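Given next are the chains, with one letter for each unit.
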Amino acid sequence: ELKVEQNPLFLSMQEGKNYTIYCNYSTTSDRLYWYRQDPGKSLESLFVLLSNGAVKQEGRLMASLDTKARLSTLHITAAVHDLSATYFCAVEGSGAGSYQLTFGKGTKLSVIP
Amino acid sequence: DGGITQSPKYLFRKEGQNVTLSCEQNLNHDAMYWYRQDPGQGLRLIYYSQIVNDFQKGDIAEGYSVSREKKESFPLTVTSAQKNPTAFYLCASTPGAAGELFFGEGSRLTVL
């Protein structure tokens, strides 16, 4: 059974600071996704990582994937208040489980002025 | 505009009643999914369908039912057998059998 763990689950950071959210998963997978959710809203796709070593960047966010370590990171550079949200990673299963994504519990990020 | 439409956005239900949540997509996607989200939790898969007239149980299918009679529609029925149905329900789709999910706006169900 594929398990996905994110840490930290809660993150309070000051504007202008850098930080990294970690996503570990338990079984082999080459496909990982990051989503953002604002309070009371649906999920918005941020990054699609489809191979070992993949790195994607959008604004102040950068995501990477190390399939050998079964680890993805979401790095936040010089945080601003607009980045306050909950961030989820989701891992695509392999073999018989490849039809679905398994989600982490999410990291609730609060950026403080 | 292409997208996924869920309705209703908010729904109140009395205990013992069945309710049906609608999900319609005009993205021409093959696969559709229903997820449940509880406060402070990630998403858990209820049912998914990869093609018309076929669907599979996810991790928490008990107390739910679905149908897939048309490619664009995947309604979810929350039955009275679901003991704790209060949650945020999200419908999603993908072009193929798996991959990046595109989500609807969600339906928030509250049992009174």
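Further up the page is the structure itself.
These numbers come from a predicted model, not from an experiment. (Residues numbered from 1 in each chain as written. Chains lettered and ligands numbered in written order. Predicted model: local features only at pLDDT ≥ 70, side-chain atom pairs only at ≥ 80, totals over all residues. Heavy atoms only, no water.)

Visitor: Quick question: what am I supposed to make of the side chain of Thr20(A) here?
Guide: All names here are of chain A. Mapped onto the secondary structure, Thr20 falls in strand E3 (residues 19–25). The class for Thr20 is buried, based on a relative accessible area of 15%. A distance of 2.7 Å separates polar atoms of two side chains, one belonging to Thr20 and the other to His75. When sequence neighbours within four positions are dropped, the list of residues in contact with Thr20 reads Pro8, Thr73, Leu74 and His75. (Helix = DSSP H or I, 4+ residues; strand = E, 2+ residues; numbered from the N terminus. Buried < 20%, exposed > 50% of the residue type's maximum accessible area, 1.4 Å probe, protein only. Polar contact = N/O pair within 3.5 Å; in protein donor to acceptor, adjacent residues only side chain to side chain. Contact = heavy atoms within 4.5 Å.)

Visitor: Which parts of the structure should I look at to understand the interface of chain B and chain A?
Guide: Many descriptions give the size of an interface as the accessible area lost when the pieces come together. Tallying the contact residues gives 22 residues for chain B and 18 residues for chain A. Summing the contributions of chain B and of chain A, the shared interface buries around 1,500 Å²; its carbon and sulfur component is 54%. By the criterion of area lost to chain A, the three top residues of chain B are Leu43(B), Glu100(B) and Phe103(B), representing 27% of everything that side buries. Our count for the chain B to chain A interface comes out at zero salt bridges. The tally of links from chain B across to chain A stands at four residue pairs in polar contact (both at pLDDT 80 or more). The set of elements that each furnish at least two residues to the side of chain B that touches chain A consists of strand E4 (31–37), strand E5 (43–51) and strand E9 (87–94) of chain B. The element contributing the most residues to the side of chain B that touches chain A is E5(B), with four residues. Residue composition of the side of chain B that touches chain A, by class: 11 nonpolar, seven polar and four charged. (Buried area = accessible area lost by both parts, 1.4 Å probe. Salt bridge = Lys/Arg side-chain N within 4 Å of Asp/Glu carboxyl O. Nonpolar A, V, L, I, M, F, W, Y, C, P; charged D, E, K, R; others polar.)

Visitor: Help me understand the sheet that holds strand E7 (residues 61–66) of chain A in this model?
Guide: For sheets, the rule is that strands pair by backbone hydrogen bonds, running either parallel or antiparallel. All names here are of chain A. Overall, antiparallel pairing links the five strands, which are arranged E1-E3-E8-E7-E6 in an open sheet. A single partner strand is all that each edge strand has here, and the edge strands are strand E1 (4–7) and strand E6 (55–58). Adjacent strand axes in the sheet meet at a mean angle of 15° when their direction is disregarded. (Pairing = 2+ DSSP bridges. Axes fitted to C-alpha atoms, helices over the stretch in contact; angles between N-to-C directions.)

Visitor: Whenever I open this one, the packing of aromatic side chains confuses me. Can you help?
Guide: A ring pair, where both rings are aromatic, is described by two values, the distance of the centres and the angle of the planes. Scanning the model with the defined rule gives nine aromatic pairs over all chains in all. Seen from their ring centres, Phe103(A) and Tyr35(B) are 5.4 Å apart, and the 80° between their planes marks the pair as edge-to-face. Taken as a pair, Phe103(A) in strand E10 (residues 101–103) and Tyr35(B) in strand E4 lie in two separate chains rather than in one. The exposure classification of Phe103(A) matches that of Tyr35(B), with both residues buried. (Phe/Tyr/Trp six-rings, centres within 6.5 Å; stacked < 30°, edge-to-face > 60°.)

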